[in-house]
Amino acid sequence: MSTSVTRRTVLAGGAGAAIGLALPGVAAHAGGNHPTSVSFTLDATTLDGGEQVTSVTLDTRRLGSIDPAGLTPGTFTVHAKATSPIPIATGDQIFSEYDLDRTVTAARLDRHGNIVLELSHAEGQPGGGTLGYILSRGRNVRLDLVYTITQNTPIVRRHGSPVTISRFVQAGLSNPEVDAFSYHVSGSGMKYRLYSPDHSPRHGRRPLIVWLHGGGEGASLADDYYDNETTLRANRGALGFATPQAQRIFSGAYVVAPQSTSYWMEDGPRFAPLIREIIRDLVRRERVDPDRIYVVGCSNGGYMSLEMTSTYPDLFAASVPICGVVEPLSGEGPPLITDAELAQIRTPTWLVTSRDDDTVPPETNTIHAHDLIPGSLISLYDHVVWDGYQFPGHWSWIYVARNDPSLNGTHIWQWMARRRR
């Protein structure tokens, strides 16, 4: 039996915690003699390289009509501190912790009368990420984020005296793309996120896209850390299929992102029926077309995509393993997927990788699988470059999340959408 909860993640310094500074002296208040307290939300966007806080929204609607001409990037200062949610052992490392001022690039009013502070952000730019990578554990974790807002000049209103905010309260983290995925737990205890399309009856049953994450988004660290959110915040793998462009191509599709309790490739044969259970429940509970179920995975999840089509040869309409692991990365021990198993896969398969992948060598993994899977397709990139930024060669899932791979004029999402079991 599945239980579901829809929630918005609140990070450290959440609702009820006063975090911020105002101008020295007595504040000028709006409509009374009480101190002016304002809550603020951290607005995040999942970039190809991971989620970043891209702006801060101050809930200033009740302050009256604010003159937007009086807002400048210097009206407020924003300081951000990000720390690990779990202890880091001596000698270990967590990447992406920070304690710094965020550059405010613009200050504007939204349509509700809230002040929005746009923050400098870009691929590879430090100081805005929401995830930290713990080296010894090979895991991403959600960082505890504490933002401090300082008001430098009064807010000018169209009517009434200028306003100085006396107290700022951090409310939470908002990422509309992530928040569109509801939170669930399967009967066997595997957590997953689910995007549900428009439920207009005229569309009938919908496709289901199963996204299987990479190793860094697994769970159950030594501290029993199992967040079920890094799968959507670390990259655009699952989110890409929930975009308006993808939803048009698939005529509206469910997107499910299960989270492993460790690494998929640590125990793929045990995880396979747990993923199958989630799929079975969704087919029974939602308007899922059993003939249009697609599996897509990156790295560890690329391995698990191959494992799923090997274990369940008649379940999927198509499979897209991205930089999937076939041979053990240590170079020792038996293959994770044998040559005989690869040769018996009959699910239409399109493999994707980059030649400069130094984490999962293409020749012994993706290319080897392509040579053995009957009728399989392959996209081989030289590098992983998007919008002029070069990512590590292992990150070829970025191309699939952007519907870039194509053969003979057909892009990978369109190819998937045309497949039927």
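Reading the values: rules and limits
- Residues numbered from 1 in each chain as written.
- Predicted model: local features only at pLDDT ≥ 70, side-chain atom pairs only at ≥ 80, totals over all residues.
- Heavy atoms only, no water.
- Phe/Tyr/Trp six-rings, centres within 6.5 Å; stacked < 30°, edge-to-face > 60°.
- Helix = DSSP H or I, 4+ residues; strand = E, 2+ residues; numbered from the N terminus.
- Buried < 20%, exposed > 50% of the residue type's maximum accessible area, 1.4 Å probe, protein only.
- Lys NZ or Arg CZ within 6 Å of the ring centre and 35° of its normal.
- Salt bridge = Lys/Arg side-chain N within 4 Å of Asp/Glu carboxyl O.
- Contact = heavy atoms within 4.5 Å.
- Expected span 1.5 Å × (residues − 1).
- Patch = residues over 30% accessible without salt bridge, like charges linked within 9 Å, V, L, I, M, F, W, Y side chains within 5 Å.
- Areas by Shrake-Rupley, 256 points an atom, 1.4 Å probe, with all protein chains shown as cover.
- Core = buried A, V, L, I, M, F, W, Y, C linked by side-chain atoms within 4.5 Å.
- Disulfide = S-S within 2.5 Å.
- Pairing = 2+ DSSP bridges.
- Polar contact = N/O pair within 3.5 Å; in protein donor to acceptor, adjacent residues only side chain to side chain.

Enumeration according to the criterion identifies 12 aromatic pairs in this entry. Taking the centre distance of 6.2 Å and the plane angle of 75 degrees together, the rings of tryptophan 386 and tyrosine 399 count as edge-to-face. Of this pair, tryptophan 386 sits in strand β22 (residues 384-386) while tyrosine 399 sits in helix α9 (residues 397-401), and the two are 13 residues apart along the sequence. Its relative accessible area of 5% is what places tyrosine 399 among the buried residues. Summarising the aromatic geometry, the rings of tyrosine 389 and phenylalanine 391 are spaced 4.8 Å apart at their centres and angled 70 degrees between planes, so their arrangement reads as edge-to-face. An aromatic cluster of three or more residues is present, and its members are Phe241, Phe250, Tyr294 and Trp413. Lying over the aromatic face of tyrosine 263, arginine 139 brings its terminal NZ or CZ to 4.1 Å of the ring centre.

On to the pattern of salt bridges, then. One pass over the full model with this rule turns up 15 salt bridges. Linking aspartate 289 and arginine 292 is a salt bridge whose minimum nitrogen-to-oxygen distance equals 2.9 Å. Exposure class is identical for aspartate 289 and arginine 292. Each is buried. As a salt-bridge pair, aspartate 382 and arginine 355 come within 3.4 Å of each other at their nearest N and O atoms. Separated by 27 residues along the polypeptide, aspartate 382 in the loop between β21 (377-381) and β22 and arginine 355 in the loop between β20 (350-354) and α8 (366-372) bring together distant segments of the chain. Taking the relative accessible area as the measure of exposure, arginine 355 reaches 49% and is therefore partly exposed.

Turning next to the side chain of threonine 353. Among the secondary structure elements, threonine 353 is positioned in strand β20. Threonine 353 gets classed as buried once you look at its relative accessible area, which sits at 0%. Filtering out sequence-adjacent residues up to four positions away, threonine 353 remains in contact with Cys323, Pro362, Thr366, Ser379, Leu380, Tyr381 and Ser396.

This next bit is on helix α6 (residues 300-311). Taking 1.5 Å of rise per residue, the 12 residues of α6 would be expected to cover 16 Å, and the 16 Å separating its terminal C-alpha atoms lies within 8% of that figure. Most of α6 is tucked away, with 10 of its 12 residues classed as buried. Within α6 the residues assigned to the buried category are Asn300, Gly301, Gly302, Tyr303, Met304, Ser305, Leu306, Glu307, Met308 and Thr309. Check the buried side of α6 and you find it contacts β16 (206-212), α5 (268-285), β18 (288-298), β19 (318-322) and α7 (339-344).

In this section: a nonpolar patch on the surface. Taken together, the side chains of Phe95, Tyr133 and Leu135 make up a nonpolar region of the molecular surface, amounting to roughly 260 Å² of accessible area. Residue placement: leucine 135 occurs in the loop between β10 (131-134) and β11 (139-142). Of the residues examined, leucine 135 reaches a relative accessible area of 44% and is grouped as partly exposed.

Once that is clear, we can look at the nonpolar core. Core analysis: the biggest nonpolar cluster contains 38 residues, and Phe241, Phe250, Val296, Val320 and Ile322 have the highest contact counts within it. No other element matches the five residues that helix α10 (residues 412-418) contributes to this core. Excluding anything up to four places from it in sequence, valine 320 contacts Val295, Val296, Gly297, Ser305, Trp350, Val352, Val400, Ile412, Trp415 and Met416. Grouped together as the second largest cluster of nonpolar side chains are 37 residues, Val210, Leu212, Ile293 and Ile373 included.

In total, this model carries zero disulfides according to the counting rule given. You can see cysteine 298 has no disulfide; the closest cysteine sulfur is in cysteine 323, sitting 5.9 Å from it. Since its relative accessible area comes to 1%, cysteine 298 is described here as buried. Under the relative-accessibility criterion, cysteine 323 is labelled buried at 0%.

Once that is clear, we can look at α5. For α5, built from 18 residues, the straight-helix expectation of 26 Å at 1.5 Å per residue is met to within 8% by its first-to-last C-alpha distance of 26 Å. Turning to α5, its buried residues number three or more, namely Gly268, Phe271, Ala272, Ile275, Arg276, Glu277, Ile278, Ile279, Asp281 and Leu282. Its buried side turned inward, α5 meets β15 (191-195), β16, β17 (254-258), β18 and α6.

Further remarks concern unusual backbone geometry. A positive phi is found at serine 299, a non-glycine position, where the angle reads about 55 degrees. One can find serine 299 in the loop between β18 and α6. Take serine 299: its relative accessible area is 9%, and that puts it in the buried class. Despite not being glycine, cysteine 323 has its phi angle at roughly 40 degrees, a positive value.

Pairing of strand β6 (residues 94-95) with β10, which is carried by two bridges, proceeds in the antiparallel orientation. Note on β10: the bridge partner recorded for phenylalanine 95 is tyrosine 133. Both β10 and β11 contribute to a ladder of four bridges, which runs antiparallel. Among the inter-strand pairings, leucine 131 is bridged to a residue of β11, identified as arginine 142. The turn linking β10 back onto β11 is made up of four residues, and glycine 138 within it adopts a positive phi angle of 60 degrees.

Moving on, we come to the sheet that holds β11. The three strands are arranged β6-β10-β11 in an open sheet whose pairing can be described as antiparallel. Every interior strand has two partners, whereas the edge strands, β6 and β11, have only one.

Below, the discussion takes up the side chain of asparagine 300. The residue asparagine 300 is located in helix α6 in this model. For asparagine 300, a relative accessible area of 6% puts it in the buried group. Here the side chain of asparagine 300 touches tryptophan 264 through a polar contact of 3.2 Å, landing on its backbone nitrogen. Leave out the neighbours within four places in its chain, and asparagine 300 touches His213, Gly214, Gly215, Tyr263, Trp264 and Met265.

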